Amino acid sequence: MIQEAITQYLQKQRQVSFSPKAVLFDMDGVLYDSMRFHARAWYETATHHQLISTPELFYLYEGRTGESTINELYQKTFLRDATDEEKKSIYEEKAILFNQYNDGKAMQGAAEVLKKVKASGLQTLVVTGSGQHSLINKLEHTYPGYFKREKMVTAFDVKLEPYLMGLEKAGVKPYEALVVENAPMGIQAGVAAGIFTIAVNTGPLDDRILLDAGADLLYPDMTALAKDWDNLMNAIKIS
């Protein structure tokens, strides 16, 4: 299965070799078990403002900036864009709720994946659409020594497509990187950037949604990825 995924990736990208030097990690739902709190905070905030939504909708919207999410809700409900003031006030309200609910819990298996990546000699970077300072600032405490602020891509500094910016910050080509994502939009972005994209289904979405988004490989969680990491690296070496 791994070898087949690598072969298909190389054919699709018209590359003859695959030599990863960096792994670009999404944050919410990959490094932190935080998406359930984002979804709850978004849903409660949306309901308070009479915006049409469901809790599951925010797993599909994951990867959007806060402003983009609010705009989608306004288009869905009122068939218009949100004003700058609406975006600002609603996002602030959502952020307050998220910080109340979030327990800062690391995603099970994430630390093991990071150890495996480091042992493989690869860079580790965060690429996230999140603007939650509370999590971004906690990364060094939760995963000491793995992530440098100057090599993070967040909602505060996205100029290019986020994974293209991640490649730029890592100083690597698309065929020299891996993406680890849990969100359909993030998977689409990784694939669009030409990067081998691994999905970890840590939320309530059906596997098919992540595969249809273009994931090259899919694991049920980060623990499963950690257990299979050596097999993945060995398959890449002989590809």
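Higher on the page you've got the structure.
Residues numbered from 1 in each chain as written. Predicted model: local features only at pLDDT ≥ 70, side-chain atom pairs only at ≥ 80, totals over all residues. Heavy atoms only, no water.

Before going further, it helps to spend a moment on the overall build of the protein. Tallying secondary structure elements over the protein gives twelve helices and five strands in all. The C-alpha atoms of the protein give a radius of gyration of 18 Å, which matches the 18 Å a tight globule of 239 residues would have. In terms of its C-alpha atoms, the protein occupies a principal-axis envelope of roughly 55 × 35 × 30 Å. When the 239 residues of the protein are sorted by exposure, 51% land in the buried category. When contacts within the protein are restricted to residue pairs at least 6 apart in sequence, long-range pairs at least 24 apart make up 66% of them. (Helix = DSSP H or I, 4+ residues; strand = E, 2+ residues; numbered from the N terminus. Rg over C-alpha atoms; globule rule 2.2 N^0.38 Å. Buried < 20%, exposed > 50% of the residue type's maximum accessible area, 1.4 Å probe, protein only. Contact = heavy atoms within 4.5 Å.)

In spatial order, the strands read β2-β1-β3-β4-β5; together these five strands make up an open sheet with parallel pairing. The two strands at the open ends of the sheet, each matched to only one other strand, are β2 (123–126) and β5 (217–219). Within the sheet, the average angular offset between the axes of one strand and its neighbour, ignoring direction, is 20°. For strand β1 (residues 22–25) and β2, the ladder comprises four bridges, and the chain directions are parallel. Counterpart to Phe25 in the pairing with β2 is Val126. (Pairing = 2+ DSSP bridges. Axes fitted to C-alpha atoms, helices over the stretch in contact; angles between N-to-C directions.)

Right, let's talk about the packing of aromatic side chains for a bit. Under the defined criterion, the tally for this structure stands at ten aromatic pairs. Ring centres of Phe18 and Phe196 lie 5.4 Å apart, and the angle between their planes is 40°; this geometry places the pair in the tilted category. Pair noted here: Phe18 is in the loop between α1 (2–13) and β1 and Phe196 is in strand β4 (residues 196–200), with a separation of 178 residues, a long-range link. By relative accessible area, Phe18 is classed as buried at 5%. (Phe/Tyr/Trp six-rings, centres within 6.5 Å; stacked < 30°, edge-to-face > 60°.)

A few words now on the nonpolar core. Counting 40 residues, the largest nonpolar core has Phe25, Leu31, Phe147 and Met222 as its most contacted members. Those elements giving two or more residues to this core turn out to be α1, β1, α6 (110–119), β3 (177–181), β4, β5 and α12 (222–237). It is α12 that provides the largest number of residues to this core, a total of eight residues. In this view, Phe147 contacts Phe25, Leu31, Leu114, Thr124, Leu125, Val126, Leu139, Glu140 and Met152; residues no more than four positions away in its chain are not counted. (Core = buried A, V, L, I, M, F, W, Y, C linked by side-chain atoms within 4.5 Å.)

This brings us to the layout of surface pockets. Considered as a void within the structure, the largest pocket measures approximately 470 Å³ in volume. If you go around the largest pocket, you meet 30 residues; those closest to its centre are Glu62, Gly63, Arg64, Gly129 and Ser130. Where the lining of the largest pocket is concerned, the elements lending two or more residues are α2 (35–48), α3 (57–61), α4 (66–78), α5 (84–101), α9 (162–170) and α10 (184–192). In the lining of the largest pocket, the residues fall into twelve nonpolar, eleven polar and seven charged. (1 Å grid on protein atoms, 1.4 Å probe; cavity = no way out; pocket = protein on both sides within 12 Å on 5 of 7 lines; lining within 4 Å. Points joined across faces, edges and corners; volume = space filled by probe spheres on them. Nonpolar A, V, L, I, M, F, W, Y, C, P; charged D, E, K, R; others polar.)

Helix packing geometry: the angle between the two helix axes and the distance between the axes. Two elements in contact, α2 and α5, have axes whose closest approach is 8 Å; the angle formed by their N-to-C orientations is 140°. Classified by the angle between their axes, α2 and α5 sit oblique to one another. Crossing of α2 against α5: the hand is right-handed. In this structure, α2 uses Phe37, His38, Arg40, Ala41, Trp42, Glu44, Thr45 and His48 to contact α5, whose residues at the interface are Ile90, Tyr91, Glu93, Lys94, Leu97, Phe98 and Tyr101. Across the contact of α2 with α5, the residue classes tally to eight nonpolar, three polar and four charged. (Parallel < 35°, antiparallel > 145°, perpendicular 65-115°, else oblique. Left-handed = near helix turned anticlockwise from the far one by under 90°.)

Helical periodicity: at 3.6 residues per turn, an α-helix aligns residues three or four positions apart in one direction. With 14 residues, α2 ought to run about 20 Å at 1.5 Å a step, and its terminal C-alpha atoms sit 20 Å apart, in line with that. Turning to α2, its buried residues number three or more, namely Met35, Phe37, His38, Ala39, Ala41, Trp42, Thr45 and Ala46. Immediately downstream of α2, the backbone of Gln50 shows phi near 55°, a positive value. (Expected span 1.5 Å × (residues − 1).)

This brings us to the pattern of salt bridges. Throughout the structure, instances matching the rule amount to ten salt bridges. We note a salt bridge from Arg80 to Glu86, for which the minimum N-O separation is 2.9 Å. The partly exposed category is assigned to Arg80, whose relative accessible area is 33%. Shared partners join several salt bridges into a network, and the residues in it are Asp33, Arg36 and Asp103. (Salt bridge = Lys/Arg side-chain N within 4 Å of Asp/Glu carboxyl O.)

Taken by themselves, the reported measurements are silent on function.
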